[in-house]
Amino acid sequence: MTASVLTWLGGAVVAVAAGFLATLLPRRRARDRGRRVAWSSARAAIDDAAVSRDAATAPVPEAERLLARAEMLAAARGGGADAAREAAEHARRADDLWRAGR
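Given the structure is predicted, the values throughout are model-derived calculations rather than measurements.

Participant: Could you give an account of the pattern of salt bridges, with specific residues and numbers?
Facilitator: Taken as a whole, this structure holds seven salt bridges when the rule is applied. Put simply, E62 and R65 hold a salt bridge, and the shortest N to O gap is 2.6 Å. Pair noted here: E62 and R65 are both in helix α2 (residues 61-76), with a separation of three residues, about one helical turn. We classify R65 as partly exposed; its relative accessible area is 46%. A salt bridge links D95 to R99, with the shortest nitrogen-to-oxygen separation between them at 3.1 Å. You can see D95 and its partner R99 sitting in helix α3 (residues 81-101), four residues apart, about one turn around the helix. Look at the salt bridges and you will find they share partners, linking D32, R35 and R36 into a network.

Shown next, in the form of structure tokens:
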């Protein structure tokens, strides 16, 4: 009787572990994909802001500060999707300032 109890107990543990992994892995993949997309968008926004900076006829100190902050966040690269979204927002605001300053 002890062997059958251990078999059922082992089967229950395996079933719980399989259920846990079946929910954990897709969520982890989706979070990782979201982080990669956010950083890709942030790098694109930083590149756009750099082009606008190079095309600007007059210096805009606030835009320079925002772009520097965005580049610093991108260089640190330790943050997740929230840091990437913050970097992208700084870069977009800098881009808008340079476009308005032309």
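Participant: So what's going on with the nonpolar core? Residues and values would help.
Facilitator: With 21 residues, the main nonpolar core has A42, L67, A91, A94 and W98 as its most contacted residues. Taken together, the elements giving at least two residues each to this core come down to α1 (2-55), α2 and α3. In terms of residues, this core owes the most to one element, α3, which gives eight residues. In this structure W98 touches A49, S52, R53, A56, V60, A63, E64 and L67, once residues within four positions along its chain are discounted.

Participant: Now, about the packing of α1 against α2: what can you tell me, with residues and values included?
Facilitator: Close contact between α1 and α2 brings their axes to 10 Å; oriented N to C, the two are set at 145°. Two packed elements cross with a definite hand, and for α1 against α2 that hand is left-handed. Contact residues: α1 offers W39, I46, A49, A50 and R53, while α2 offers E64, L67, A70, E71, L73 and A74. Among the residues making up the contact of α1 with α2, the classes are represented as eight nonpolar, no polar and three charged.

Rules of the game
Residues numbered from 1 in each chain as written. Predicted model: local features only at pLDDT ≥ 70, side-chain atom pairs only at ≥ 80, totals over all residues. Heavy atoms only, no water. Salt bridge = Lys/Arg side-chain N within 4 Å of Asp/Glu carboxyl O. Helix = DSSP H or I, 4+ residues; strand = E, 2+ residues; numbered from the N terminus. Buried < 20%, exposed > 50% of the residue type's maximum accessible area, 1.4 Å probe, protein only. Core = buried A, V, L, I, M, F, W, Y, C linked by side-chain atoms within 4.5 Å. Contact = heavy atoms within 4.5 Å. Axes fitted to C-alpha atoms, helices over the stretch in contact; angles between N-to-C directions. Left-handed = near helix turned anticlockwise from the far one by under 90°. Nonpolar A, V, L, I, M, F, W, Y, C, P; charged D, E, K, R; others polar.

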